[in-house]
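Structural description and commentary
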Amino acid sequence: MHNIFVYCEIEDGHVAEVSLELLTKGRKLANEIDRKLEAVVIGHNLKGIEDQIFPYGVDVIHVADNSRLYPYLTLPHAEIVVNLFKQEEPEIAIFGATSVGRDLAPRVASALKCGLTADCTSLVFGDHSENKTGKEYKNLLYQIRPAFGGNIIATIINPDTRPQMATVREGVMKKEVFNSTYKGEVKHVNVDTILNDGHMAVEILERHIEKQKINIKGAPIIISGGYGVGSKENFDMLFDLAELLGGEVGASRAAVDAGFVDHARQVGQTGITVRPKLYIACGISGAVQHTAGMNESVKIISINNDPKAPINQIADYVIIGSVADIIPKMIKFYKKNTK
Amino acid sequence: MSFRIVVLAKQVPDTRNVGKDAMKADSTVNRSALPAIFNPEDLHALEQALSIKDRMEDAEVIILTMGPPRAAEIIREALYRGATSGVLITDRKFAGSDTLATSYALSLAVKKLEPHLVIAGRQAIDGDTAQVGPQVAEKLNIPQVTYCEEVKEVNQDELVIKRRLERGIEIVKGKTPLLITVHSSAPPCRPRHAKLLMQYKHARTVSELVDETKDYTEMMTNKPYLRIEEWSVADLDADVEYLGLSGSPTKVKKIENVVMAKKDSVELTAEDKDIDYLMKELIDSHVIG
Ligand SMILES: Cc1cc2nc3c(=O)[nH]c(=O)nc-3n(C[C@H](O)[C@H](O)[C@H](O)COP(=O)(O)OP(=O)(O)OC[C@H]3O[C@@H](n4cnc5c(N)ncnc54)[C@H](O)[C@@H]3O)c2cc1C
Ligand SMILES: Nc1ncnc2c1ncn2[C@@H]1O[C@H](COP(=O)(O)O)[C@@H](O)[C@H]1O
């Protein structure tokens, strides 16, 4: 009772990255308030799935394994989660802010009449006193997220309803194995007593999911281009530099919208969050929606012909000039100095 | 038998253009400087509804919005593009609603309209939550299909829908009554139609009529289609406990403006010596290489 729950997404027998990141966060939260960490896994052919999950410090895994549960469908998954939560009364429930999590979590929150905060960038405990009633709350989950197009940061709380629910995007939390030999308990959900034909009102006719080809998230170095790069051809220089340095190419939304690069490379609030050891922002102005996804990079270099570009404020090195001049020089002097 | 579609649309501040003038000197957002617009993805939702209306005999498209009285503007906007009629739900008791309270109120209004299909946008740009669609579906106890890019087939009983997911697509079949949410990769909305603009430019809600200096009485009697329905809490038979602030489990504890802390940065030029220095420095400190 009153434990921390993480809904784990499964694709092709693998627990999604985002779910592992949330388990890592969940373990930390659980330790802070001395609760257990529990995982919810719903799908089909899940034998052995616990081996992927226990190392993140999970105490209980609830497994619902049934042919009607994979691929993901809203109603059967929601029904199982709602049933489980009614029974287990979690204190906190976290979902990935993915196309599955953002489909499922609101439905569950509505059924349980509890609060849900989408797209949190930070989850911490804090206290609260209600002015009107004078009631004091200890260890509420502060759900922190950008709002209003990223121009403000809001801290949301759910004082009176449980679970406190939140979704978090992939890449926002750090993934870390807690203890590779950690073992908990596996509990099986009796699916047949929960589902009926009414839950199968939507049927999947076709499904084409690509394996993620581009994954810039884990790259130690990211060369990111914005609208100021100017063209698809100029982006080739960024790819050359990335290859040379062993990094990946990222982009701002304006560059993606202009068709310079693939959406999978977009960094920021509506793209991915990255924290490489070096982030080179080329021709990126530094709108908050962009910086929200990269401001935790260890070192930041900005290349911009406008000395007043906001990105320069958070950069360790600012090079004033044109991308097309500077990138070839970086390639040249990198080669010279590593020879 | 007619096929009734309800489109959920919201009027939102245009947060995409929070430019210089929308930021106050103390770097807070000056909301009043932001134009109120038709939530972008709700226009995609409207287009899906209109394209079904094009394909089906007897389909009607009702636009439903909850908001302050001025939100009637987006109902007119929808009428100019081909919606059949509109309903505004407005009441002070709705103030402070989070997504749960909003979806409760919207679901009561949808119930009164008894549609076969409800179409929402995926998310509203002021909150970016993408919660209201699924929550309305749950309150109505009907299935949902999110991230719709195209309605491929539709009849009274079922729809075939293409969904756009992060890493691919899905084609699904859903039975009516059904709620779908529409993704921005779906076709954009058709423009206003000149004829419809003429026909509906005087469409008004009851509260708007109160403020009109012109006498609309005769026009409203002769052209009943100009009347935009306006419902309050009393019309919805709502449990007020589930509305507004008291119906909203989430509370905003704190709001901070985004101010970027300035770092001590090294400023360089594009000259060879500067780039040479930088690359050396990065290599020496093991950031690269
Ligand atoms: C809800 C919402 C979500 C969003 N999500 C994201 C997101 O996830 N990621 C994201 O990136 N954006 C996002 N945006 C968009 C964001 O607000 C900005 O519009 C976008 O980041 C701007 O991209 P940019 O910096 O490439 O383009 P611009 O703002 O046009 O900046 C171009 C920069 O290039 C410089 N420049 C021009 N020419 C050159 C040259 N030859 N050499 C060097 N510099 C040059 C200019 O000085 C300027 O600073 C979002 C917006 C909204 C409303
Ligand atoms: N006040 C409202 N009136 C009508 N529709 C709304 C309202 N709020 C949200 N919606 C619908 O729900 C979708 C998702 O909104 P949100 O959960 O706020 O991101 C929107 O795109 C609209 O279709």
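This report concerns the structure included in the present document. On a predicted model such as this, the values are computed, not experimentally measured, just so you know.

About the criteria used
- Residues numbered from 1 in each chain as written.
- Chains lettered and ligands numbered in written order.
- Predicted model: local features only at pLDDT ≥ 70, side-chain atom pairs only at ≥ 80, totals over all residues.
- Heavy atoms only, no water.
- Near = heavy atom within 4 Å.
- Polar contact = N/O pair within 3.5 Å; in protein donor to acceptor, adjacent residues only side chain to side chain.
- Helix = DSSP H or I, 4+ residues; strand = E, 2+ residues; numbered from the N terminus.
- Nonpolar A, V, L, I, M, F, W, Y, C, P; charged D, E, K, R; others polar.
- Areas by Shrake-Rupley, 256 points an atom, 1.4 Å probe, with all protein chains shown as cover.
- Axes fitted to C-alpha atoms, helices over the stretch in contact; angles between N-to-C directions.
- Parallel < 35°, antiparallel > 145°, perpendicular 65-115°, else oblique.
- Left-handed = near helix turned anticlockwise from the far one by under 90°.
- Contact = heavy atoms within 4.5 Å.
- Expected span 1.5 Å × (residues − 1).
- Buried < 20%, exposed > 50% of the residue type's maximum accessible area, 1.4 Å probe, protein only.
- Pairing = 2+ DSSP bridges.
- Buried area = accessible area lost by both parts, 1.4 Å probe.
- Salt bridge = Lys/Arg side-chain N within 4 Å of Asp/Glu carboxyl O.

1. What about the site of ligand 1?
Residue and element names in this part refer to chain A. The local shell around ligand 1 holds 27 residues, among which Tyr 227, Ser 252, Val 267, Thr 270 and Ser 285 are the closest. Interatomic distance of 3.0 Å between a backbone N/O atom of Gln 269 and an oxygen atom of ligand 1. Here an oxygen atom of ligand 1 and a backbone polar atom of Gly 283 are 3.1 Å apart. For the shell around ligand 1, the secondary structure elements donating two or more residues are helix 6 (253–257) and helix 7 (288–291). Here the residues of the shell around ligand 1 are counted per class, giving 7 nonpolar, 16 polar and 4 charged.

2. Examining the site of ligand 2
Residues and elements named next belong to chain B. Taken together, 19 residues are adjacent to ligand 2, and Leu 8, Asp 42, Ala 124, Thr 129 and Gln 131 come closest. At 2.4 Å, a side-chain N or O of Asp 42 approaches an oxygen atom of ligand 2. In this structure, Gln 131 approaches ligand 2 through a main-chain N or O atom, which is 2.8 Å from an oxygen atom. Look at ligand 2: alone it shows 480 Å² of surface, and the protein chains cover 97% of it. When contributions to the shell around ligand 2 are tallied by element, the ones reaching two or more residues are strand 4 (59–66), helix 3 (99–113) and strand 6 (117–121). For the shell around ligand 2, the leading source of residues is strand 4, giving 3 residues. Along the lines of polarity and charge, the residues of the shell around ligand 2 split into 9 nonpolar, 7 polar and 3 charged.

3. What about the packing of helix 3 (residues 74–88) of chain A against helix 4 (residues 101–112) of chain A?
Residues and elements named next belong to chain A. With their axes 9 Å apart at the nearest point, helix 3 and helix 4 run at an angle of 45° to one another. Viewed along their axes, helix 3 and helix 4 adopt a mutual orientation that is oblique. Judged by the sense of rotation from one axis to the other, the crossing of helix 3 with helix 4 is right-handed. Together, Thr 74, Leu 75, His 77, Ala 78, Val 81, Val 82, Phe 85 and Lys 86 of helix 3 and Asp 103, Leu 104, Arg 107, Val 108, Ala 111 and Leu 112 of helix 4 make up the contact between the two elements. When its residues are assigned to classes, the contact of helix 3 with helix 4 shows 9 nonpolar, 2 polar and 3 charged.

4. Topic: helix 8 (residues 323–338) of chain A
The end-to-end C-alpha distance of helix 8 of chain A is 22 Å, a good match for the 22 Å that 16 residues give at a rise of 1.5 Å each. For helix 8 of chain A, every residue scored as buried is listed here: Val323(A), Ile326(A), Ile327(A), Met330(A), Ile331(A), Phe333(A) and Tyr334(A).

5. Examining the pairing of strand 17 (residues 299–304) of chain A
Residue and element names in this part refer to chain A. The buried count for strand 17 comes to 5 of 6 residues, which makes it a mostly enclosed element. In this sheet, strand 17 lies alongside strand 16 (residues 278–282) in parallel orientation, the contact comprising 5 bridges. The partner of Ala 281 across the bridge, within strand 17, is Ser 302. Pairing geometry for strand 17 and strand 18 (residues 317–320), over 4 bridges, is parallel. Looking across to strand 18, one finds that Ile 303 is bridged to Ile 319.

6. Observations regarding the interface of chain B and chain A
How large an interface is tends to be reported as the accessible area lost when its parts come together. Of the residues lining the interface, 77 residues belong to chain B; the matching set on chain A comes to 79 residues. When chain B packs against chain A, the two sides together hide about 6800 Å² of surface, and 58% of this comes from carbon and sulfur. The interface formed by chain B and chain A holds 4 salt bridges in total. Here Lys336(A) makes a salt bridge to Asp276(B), at a shortest N to O gap of 3.0 Å. Our enumeration of links across chain B and chain A arrives at 36 residue pairs in polar contact (both at pLDDT 80 or more). Where the side of chain B that touches chain A is concerned, the elements lending two or more residues are helix 4 (132–140), strand 7 (144–154), strand 8 (158–165), strand 9 (168–175), strand 12 (251–257), strand 13 (266–268) and helix 9 (272–284) of chain B. With 9 residues, helix 9 of chain B is the single largest residue contributor to the side of chain B that touches chain A. Broken down by class, the residue content of the side of chain B that touches chain A amounts to 36 nonpolar, 17 polar and 24 charged. Bridge analysis of strand 10 (residues 152–157) of chain A against strand 12 of chain B gives 6 bridges, and the strand direction is antiparallel. Note that in strand 12 of chain B the partner of Ile153(A) across the bridge is Glu256(B).

7. Topic: the sheet that holds strand 1 (residues 3–8) of chain B
Spatially, 10 strands are ordered 13(A)-9(B)-8(B)-7(B)-10(B)-6(B)-1(B)-4(B)-5(B)-11(B) in an open sheet, and the strand pairing comes out mixed. This sheet does not close on itself; its edge strands, each paired only once, are strand 13 (202–209) of chain A together with strand 11 (229–231) of chain B. Pairwise comparison of adjacent strand axes, ignoring direction, gives a mean angle of 30° for this sheet. Pairing of strand 6 of chain B with strand 10 (residues 178–182) of chain B involves 5 bridges; the strand directions are parallel. When the sheet's bridge partners are listed, Val118(B) is paired in strand 10 of chain B with Leu179(B). Its contacts with the sheet place helix 4 of chain B against strand 1, strand 6, strand 7 and strand 10 of chain B, and it is angled at close to 175° to strand 10 of chain B.

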